[in-house]
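Below, each chain spelled out in residue letters.
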Amino acid sequence: MSLLEQSVTWLAIGRAQDIPPLEGRSVQVGERRVAVFRLPDGWAAIDHVCPHAGGPLADGMVSDACVTCPLHAQRFSLITGERQDGAGPGVRVHAVRERDGVLELRVL
Amino acid sequence: MLVIGGGIAGQAVCEQLDGHACAITLVCGEPHLPYDRVNLGRLLKGAEPANVEDLLLRPATWYADRGIEVHLETWIEQLDPERRLATTHSGTEIPFDYAVLCTGSTALVPPLANVAAPGVHVFRDPGDCAEILAAAQTADRAAVIGGGLLGLEAAHAIASRGVPTTVVHLMDRLMERQLDPDAAALLAPAMEELGVEVLLERRTQGLLVNPDGHVGGLAFADGGRLDADLVVVAIGIRPHVDLARASGLAVNRGVVVDDRLISSHPRVLAVGECAEHRGVVHGIVAPIREQAAVAAATISGHSAAYAGSIPSAKLKVMGVELFAAGEPDADHAVALRNAETGAYRKLVIRDGRVTGAILMGDTRGADLLLDRIRTRAPVEDPLALLAEASQASAEDLPDSAQVCNCNGVCKGTIVAAIRAGGLGSTQEVVAVTRAGAGCGSCKPVVSELLAIERGGAGEEPAYLCPCRKLTREQVAGRVRADGLESVSEIAQACGAGRDCGACKPGLAYLVSEICGNRHREERHARFINDRVHANIQNDGTFSVVPRMRGGVTSADELRRIADVVDKYEIPMVKVTGGQRIDLLGVPKEQLPAIWEELGMPSGHAYAKAVRTVKTCVGTDFCRFGLGNSIALGIELETAMEGLYTPHKVKSAVTGCPRNCAEAYVKDIGLVAVEGGWEIYVGGAAGSTVRKGDRLTTVASPEAAKRVALAFLQHYRESAEYLERTYTYIERVGIDAVRAAVLGEGQAELIERYGIAKAAADPDPWRERHHPATPKQFEELDTEAMLVGPPAGAAR
Ligand code: SRM
Ligand SMILES: Cc1cc2nc3c(=O)[nH]c(=O)nc-3n(C[C@H](O)[C@H](O)[C@H](O)COP(=O)(O)OP(=O)(O)OC[C@H]3O[C@@H](n4cnc5c(N)ncnc54)[C@H](O)[C@@H]3O)c2cc1C
Ligand code: SF4
Ligand code: FES
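Undergrad: Could you clarify how one ought to interpret the overall build of chain B in this entry?
TA: Per the secondary structure count, chain B includes 25 helices and 38 strands. When each of the 795 residues of chain B is scored for burial, the buried share is 54%. A fraction of 60% describes how many contacts in chain B between residues 6 or more apart in sequence connect residues 24 or more apart. For chain B, the accessible area works out to roughly 33,000 Å², and carbon and sulfur atoms hold 52% of it.

This is the structure we're talking about:
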């Protein structure tokens, strides 16, 4: 485990089984609502609220490590949080991992 | 290099300097990257007006990639050419070798009484559009002061939002700068056709205000008045020259520049609407490209000279074809008038050369004529040239001819790009060359050039998966050949759906259709609406529309609906345009409980599927009824509901040709006539209005139902994904459809339909009892109300 990971607390946010492949679900962590996604090769977490007009990103369609907002189809990278067409602000990316079936999140 | 002002001019200068070895800083006063002001009107039009981001000339990445330093919402307050230093409003100093003033202009607002009153707007930037749009929601009457290009565009936009609108113009004719009296005389009625009232020779003396201070109307010099609670002032522009003046540059109406676009100081240039060249300040984009090119050359030490531009204008008002270039009149001119079409085409000639053209109602050949004017080509026989122009195809244009005047792209450039990039569709060409990315009026020519390059071969097909350039046919081929049963299997087999994923719902539909609904359903390939069986709203809540076949309901259903509304405090209950009831504003977690308590099946209002079959009262009640529309409507809806379709399908059954159920404008419409039923297909009354084609007339309701189902299955099998029946039929033609649906194929179509129907889930709302995924209607930290087997029996 890297020092960085040791240095902060990971919050248990739910059961891994509750998020189906290539889908997302949101969860409240303090001030912010975070969207967590199951990718073919692991997990990703970004802010849930779309910077364009507040669309629920956890409800978006996932492909190629990007999520498409359900409201106006803007795409955000689940790795960098950047908006794909570069035409506007992106979203914060957070750290998420699975431990014996439990999802753990670290807000960055 | 310091570029001051991020408008079309600032952008054009950056584009021109791109490639030259120089560091560019772009300072934009507005909070947006350079956007396409020409298309600002799009922020006022349509069911879902565009937002500024849709108008950006280049994405943020473009500037990043070129190391262009962009400052948004930054105002240059001082410019010291001697010390080569610019100072921003926040006091930051930006050094430069050369500065280009691209400060453009602001809307000219005359000093009228109450001109600052609430309700009075200009039409210049996105903020203005937002205000006008908001005002138009509630306004009773609108007035636009100014009958030029801009005023007419504003007036049409407001009128098209349903607000009675009047254009008030000082002169005796509209667009007097571009038009001669004859053309202007044709324009006024054309605008009134579109619901815009035109008042000429009215000098607005002041604005009237209501007691509450809000504008109430206009007062004219002749004593007359006009009520209006929304006023737009569009009488012209005032070049933004304060900065130039403050820094001691020579300023007239605009910043005075020479043929090299250099101002009175050798280190400062000016381009665009803020620049005055040989006494002319242009108010259109075409000259900007030419000026920017010269400015860039000047800066990089090449000698180039700007000799002025030919003003040209196309009116961007849907339904009025109008093009004007050069001077509107001279002692020698020829005009052709087409009596039956009312078209007016005129050429202005000065000492043997074409110096102006006006094309009204028929703008064919505009590009050819503009080229003749630009190149000052001599003409012997003007009438012959006019005739040639109306025949002119893109092929006849010289390579030098500027096809896109907004982005200054010549035919030669477009053709070269098509060849070099092997471009296959108009979108691609527009994306690559940016021709047609401006006001869009040149797109037809772009398409024509593409067609010529492709030797008449049609455009490249619409791709189901654009990323992998795979058509529906190609993917379907793989699915059949390899017996694929799911979207992930398709992705594995041919890559479709792997990249942007936008095509996944299309693939999901395709595989379900081919497998007769015996495919492997994957929810990640479905849009959220189809994961929770409700339509997502702008605030992330959902709407619930239960099935109400034929628009017929009962006291018992209405009671249950009422109870649900009370119990869950549903913010909005609405009778829809589809003859049923919509409960809006429902949180995801409440959907299962609400469905349970409604005890009604899904109306599929959220899906690309059969939506509604509207009916009228028909023979049961109506004194004119010729057929039992209610009974047949309910039967048809029961038969058609529950299946996914390429796009939504709406239907209606009406009891006589008075058409109270609007069957003529439905995807599938049945109309009772003496002795039988007419079947209409491909009708629409949404963003496109199209009367359906009469497919056939049959004797019995049973036969009518059979034809309807056969057509539905034909559409399911043959249309592109997201292609409504009206576009499908426009594309393939009604005869092809008749052949397929009425020919011997009919029986098989109906059989295949039956197979698909048998395997389709008639009511996805039953997933409340058996969720497809653990938290189908929940977030990680929320619990859905009432999921799981119903009290008592399972299904
Ligand atoms: C609820 C309703 C308006 C109402 O309150 O009456 C409605 C609401 C929507 N319509 Fe509609 N349409 C409704 C009847 C219509 C009708 C009238 C009709 O069906 O007889 C039309 C014209 C007929 C037609 O479709 O040709 C209509 C033409 C459209 C269009 C334009 C389609 C077209 O190609 O022209 C869209 C946009 C689209 O589909 O791409 C649209 C899209 C929408 C969407 C789904 C926009 C969206 O994707 O969110 C709206 C969902 C609102 C929401 O959040 O629930 N709606 N819409 C009506 C529901 C009917 C129903 O009971 O299912
Ligand atoms: C609604 C509308 C429709 C139009 N339709 C057409 C059409 O169909 N065809 C056509 O040819 N033309 C059309 N025009 C005209 C065309 O849009 C303008 O000619 C063109 O946009 C002018 O571009 P510009 O960059 O010179 O000026 P602007 O677009 O005004 O850009 C100047 C920019 O510089 C900024 N700025 C000014 N001073 C400073 C400073 N000191 N520091 C920092 N920034 C500063 C301003 O904020 C502004 O963003 C239309 C205009 C409008 C408003
Ligand atoms: S309901 Fe239909 S018409 Fe009304 S805003 Fe939505 S899409 Fe437009
Ligand atoms: S809210 Fe996300 S794209 Fe508009």
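That covers the picture; the talk isn't over yet.
Undergrad: Teacher, can you tell me more about the sheet that holds strand β14 (residues 215–220) of chain B here?
TA: Sheet strands line up and pair through hydrogen bonds in the backbone, either parallel or antiparallel. Residue and element names in this part refer to chain B. Strand order across the open sheet formed by three strands is β13-β14-β15, with antiparallel pairing between neighbours. Of all the strands in the sheet, just β13 (204–209) and β15 (225–227) have a single pairing partner and so form its edges. Strand-to-strand, the axes of this sheet are offset by a mean angle of 25 degrees, without reference to chain direction. The pairing of β14 with β15 spans three bridges and is antiparallel. Among the inter-strand pairings, Ala219 is bridged to a residue of β15, identified as Arg225.

Undergrad: Just checking my understanding: could you explain the site of ligand 1 for this structure?
TA: All names here are of chain B. Around ligand 1 there are 23 residues in total, and Gln537, Thr576, Gly577, Lys648 and Tyr726 lie nearest to it. Within the side chain of Asn535, one N or O atom sits 3.1 Å away from an oxygen atom of ligand 1. Contact distances for ligand 1 include 2.5 Å between an oxygen atom and a backbone N or O atom of Gly577. Breaking the shell around ligand 1 down by element, the ones donating at least two residues are β31 (581–586) and β32 (610–615). Here the shell around ligand 1 is built from residues that sort into four nonpolar, eleven polar and eight charged.

Undergrad: Looking at this model, I keep getting lost on helix α9 (residues 366–374) of chain B. Mind explaining?
TA: An α-helix turns once per 3.6 residues; consequently, residues spaced three or four apart project the same way. Residues and elements named next belong to chain B. Of all nine residues making up α9, seven are buried, and the element is well covered by its neighbours. Of all the positions in α9, only Ala366, Asp367, Leu368, Leu369, Leu370, Asp371 and Ile373 are classed as buried. Just downstream of α9, Arg376 is the residue with a positive phi angle, here 50 degrees.

Undergrad: Help me understand the environment of Cys50(A) in this model?
TA: Residues and elements named next belong to chain A. Position of Cys50 relative to the elements: it lies in the loop between β4 (42–47) and β5 (61–63). For the pair Cys50 and His72, spaced 22 residues apart in sequence, the C-alpha to C-alpha distance is 9.8 Å. The residues contacting Cys50, other than those within four sequence positions of it, are Gly55, Leu57, Cys69 and Phe76.

Undergrad: Sorry if this is basic, but what is going on with the interface of chain A and chain B here?
TA: Interfaces are frequently sized by the accessible area removed from exposure as the parts join. On the chain B side, the residues contacting the 36 residues of chain A number 35 residues. For the pair chain A and chain B, the summed buried area comes to about 2,500 Å², and 52% of that belongs to carbon and sulfur atoms. Taken together, chain A and chain B are joined by four salt bridges. Arg83(A) is paired through a salt bridge with Glu53(B); the nearest N and O atoms lie 2.4 Å apart. Taken together, the connections running from chain A to chain B amount to 14 residue pairs in polar contact (both at pLDDT 80 or more). Elements supplying a minimum of two residues to the side of chain A that touches chain B: β1 (11–15), β2 (24–29), β3 (32–39) and β5 of chain A. Sorting elements by how many residues they give to the side of chain A that touches chain B places β2(A) first, with four residues.

Undergrad: Can you help me understand the confidence of the model for chain B in this one?
TA: All names here are of chain B. In the predicted model, chain B carries a mean pLDDT of 91, and 98% of its residues have values of at least 70. Confidence, expressed as mean pLDDT per element, reaches its minimum in chain B at helix α12 (residues 426–433) with 77 and its maximum at strand β33 (residues 649–654) with 98. Reported confidences for the modelled complex are a pTM of 0.57 and an ipTM of 0.74.

Undergrad: Can you help me understand the nonpolar core in this one?
TA: The tendency in soluble globular proteins is for nonpolar side chains to be buried side by side. Grouped together as the largest cluster of nonpolar side chains are 98 residues, with contacts concentrated most on Leu79(B), Leu101(B), Leu179(B), Leu187(B), Met191(B), Val271(B) and Val320(B). Core analysis: the next-biggest nonpolar cluster, separate from the first, contains 43 residues, Leu39(A), Cys50(A), Ala534(B) and Phe777(B) among them.

Undergrad: Any chance you could explain the sheet that holds strand β16 (residues 230–233) of chain B here in plain terms?
TA: All names here are of chain B. Strand order in the open sheet made by the five strands is β9-β16-β10-β11-β12, with parallel pairing throughout. In this open sheet, the two edge strands, each paired with only one partner strand, are β9 (120–122) and β12 (196–199). For this sheet, the mean inter-axis angle between neighbouring strands, taken without regard to orientation, is 25 degrees. Note that strand β11 (residues 165–168) and β12 share four bridges and pair parallel. The residue bridging Val167 from the neighbouring strand is Val198, located in β12. Relative to the sheet, helix α5 (residues 149–159) contacts β10 (142–145), β11, β12 and β16, its axis offset from that of β11 by approximately 170 degrees.

Undergrad: Is there a simple way to think about the packing of aromatic side chains in this case?
TA: Two aromatic rings are characterised by how far apart their centres lie and by the angle between their planes. All names here are of chain B. For the structure shown, the criterion picks out six aromatic pairs over all chains. Ring plane angle 25 degrees and centroid distance 6.1 Å describe the contact between Tyr509 and Tyr721, whose orientation is recorded as stacked. Residue Tyr509 is found in helix α16 (residues 504–514), and its partner Tyr721 is found in the loop between α22 (701–718) and α23 (725–732); the two are separated by 212 residues along the sequence. On the basis of relative accessible area, Tyr509 is assigned to the buried category, the value being 4%. Using a relative accessible area of 23% as the deciding quantity, one classes Tyr721 as partly exposed. An aromatic cluster of three or more residues is present, and its members are Trp595, Trp765 and Phe777. Arg267 extends its terminal NZ or CZ atom over the ring of Tyr98, reaching a point 5.0 Å from the ring centre.

Undergrad: Explanation requested: empty space enclosed by the protein in the structure shown.
TA: With a probe scaled to a water molecule rolled over the atoms, the places where space remains empty come into view. Residues and elements named next belong to chain B. Enumeration according to the criterion identifies four cavities of 30 Å³ or more in this entry. Space inside the largest cavity adds up to approximately 50 Å³. If you trace the largest cavity, you find it lined by Pro505, Tyr509, Arg526, Asp530, Lys608, Tyr644, Thr645 and Tyr721.

Undergrad: Would you mind going over the packing of helix α11 (residues 411–421) of chain B against helix α13 (residues 443–453) of chain B with me for this structure?
TA: Each pair of packed helices gets described by two things: the angle between the helix axes and the distance between those axes. All names here are of chain B. Across the interface, α11 lies against α13 with an axial gap of 10 Å and an inter-helix angle of 50 degrees. Looking at the two axes, α11 sits oblique to α13. Of the two elements, α11 crosses α13, and the hand of that crossing is right-handed. Facing α11, whose interface residues are Lys411, Ile414, Val415, Ile418 and Arg419, α13 presents Val446, Leu449, Leu450 and Glu453. Residues of the contact of α11 with α13, tallied by class, amount to six nonpolar, no polar and three charged.

Undergrad: Is there a simple way to explain helix α24 (residues 734–742) of chain B in this structure?
TA: Residue and element names in this part refer to chain B. Considered for burial, the residues of α24 that qualify are Ile734, Val737 and Val741. Down the axis of α24, the sector holding all buried residues measures 55 degrees, keeping them to one side. Exposed and facing more than 90 degrees away from the buried side of α24 are Asp735 and Ala739. Buried-residue contacts for α24 involve β35 (676–681), β38 (693–698), α22, α23 and α25 (746–759).

Undergrad: In this structure, what is going on with the side chain of His524(B)? I would like to understand it.
TA: Assignment of secondary structure puts His524(B) in the loop between α16 and α17 (528–532). Only 3.1 Å separates the side chain of His524(B) from the side chain of Lys504(B), close enough to count as a polar contact. For His524(B), the contacting residues outside a window of four places in its chain are Pro21(A), Leu22(A), Glu23(A), Met61(A), Ser488(B), Lys504(B) and Arg531(B).

Undergrad: Sorry, what's going on with the pairing of strand β24 (residues 344–350) of chain B here?
TA: Both faces of the sheet carry side chains from a regular strand, because those side chains alternate between them. Residue and element names in this part refer to chain B. Buried residues dominate β24, accounting for six of its seven residues. Across six bridges, strand β23 (residues 332–337) lies against β24 in antiparallel orientation. When the sheet's bridge partners are listed, Ala333 is paired in β24 with Val348. A loop of six residues connects β23 with β24, the two strands running antiparallel in sequence, and Gly342 in this loop sits at a positive phi of about 75 degrees. Bridge count between β24 and strand β25 (residues 353–360): seven bridges; the pairing is antiparallel. From the neighbouring strand, Lys346 faces β25, where its bridge partner is Ile358. If you look at the hairpin formed by β24 and β25, you'll find two residues sitting between the two strands, and Asp351 has a positive phi there, around 25 degrees.

Undergrad: What is the right way to read the pattern of salt bridges from this model?
TA: Any two side chains of opposite charge can pair, given that their charged atoms come close. For the coordinates displayed, the defined rule picks out 56 salt bridges over all chains. Here Asp59(A) ties to Lys588(B) by a salt bridge, and the two come within 2.6 Å at their closest N and O atoms. Residue Asp59(A) is found in the loop between β4 and β5, and its partner Lys588(B) is found in the loop between β31 and α19 (591–598); the two belong to separate chains. Across the pair Glu641(B) and Arg547(B) runs a salt bridge, and its minimum N-O distance is 3.5 Å. In this pair, Glu641(B) sits in the loop between α21 (629–640) and β33 while Arg547(B) sits in the loop between β29 (542–544) and α18 (555–567), placing the two residues 94 residues apart along the sequence. For Glu641(B), a relative accessible area of 8% puts it in the buried group. Members of the salt-bridge network, linked through shared partners, are Glu521(B), Arg523(B), Arg526(B) and Glu767(B).

Here is what the cut-offs are and how they apply
- Residues numbered from 1 in each chain as written.
- Chains lettered and ligands numbered in written order.
- Predicted model: local features only at pLDDT ≥ 70, side-chain atom pairs only at ≥ 80, totals over all residues.
- Heavy atoms only, no water.
- Helix = DSSP H or I, 4+ residues; strand = E, 2+ residues; numbered from the N terminus.
- Buried < 20%, exposed > 50% of the residue type's maximum accessible area, 1.4 Å probe, protein only.
- Contact = heavy atoms within 4.5 Å.
- Areas by Shrake-Rupley, 256 points an atom, 1.4 Å probe, with all protein chains shown as cover.
- Pairing = 2+ DSSP bridges.
- Axes fitted to C-alpha atoms, helices over the stretch in contact; angles between N-to-C directions.
- Near = heavy atom within 4 Å.
- Polar contact = N/O pair within 3.5 Å; in protein donor to acceptor, adjacent residues only side chain to side chain.
- Nonpolar A, V, L, I, M, F, W, Y, C, P; charged D, E, K, R; others polar.
- Buried area = accessible area lost by both parts, 1.4 Å probe.
- Salt bridge = Lys/Arg side-chain N within 4 Å of Asp/Glu carboxyl O.
- pLDDT = per-residue confidence, 0-100.
- Core = buried A, V, L, I, M, F, W, Y, C linked by side-chain atoms within 4.5 Å.
- Phe/Tyr/Trp six-rings, centres within 6.5 Å; stacked < 30°, edge-to-face > 60°.
- Lys NZ or Arg CZ within 6 Å of the ring centre and 35° of its normal.
- 1 Å grid on protein atoms, 1.4 Å probe; cavity = no way out; pocket = protein on both sides within 12 Å on 5 of 7 lines; lining within 4 Å.
- Points joined across faces, edges and corners; volume = space filled by probe spheres on them.
- Parallel < 35°, antiparallel > 145°, perpendicular 65-115°, else oblique.
- Left-handed = near helix turned anticlockwise from the far one by under 90°.
- Arc of directions from axis to C-beta.

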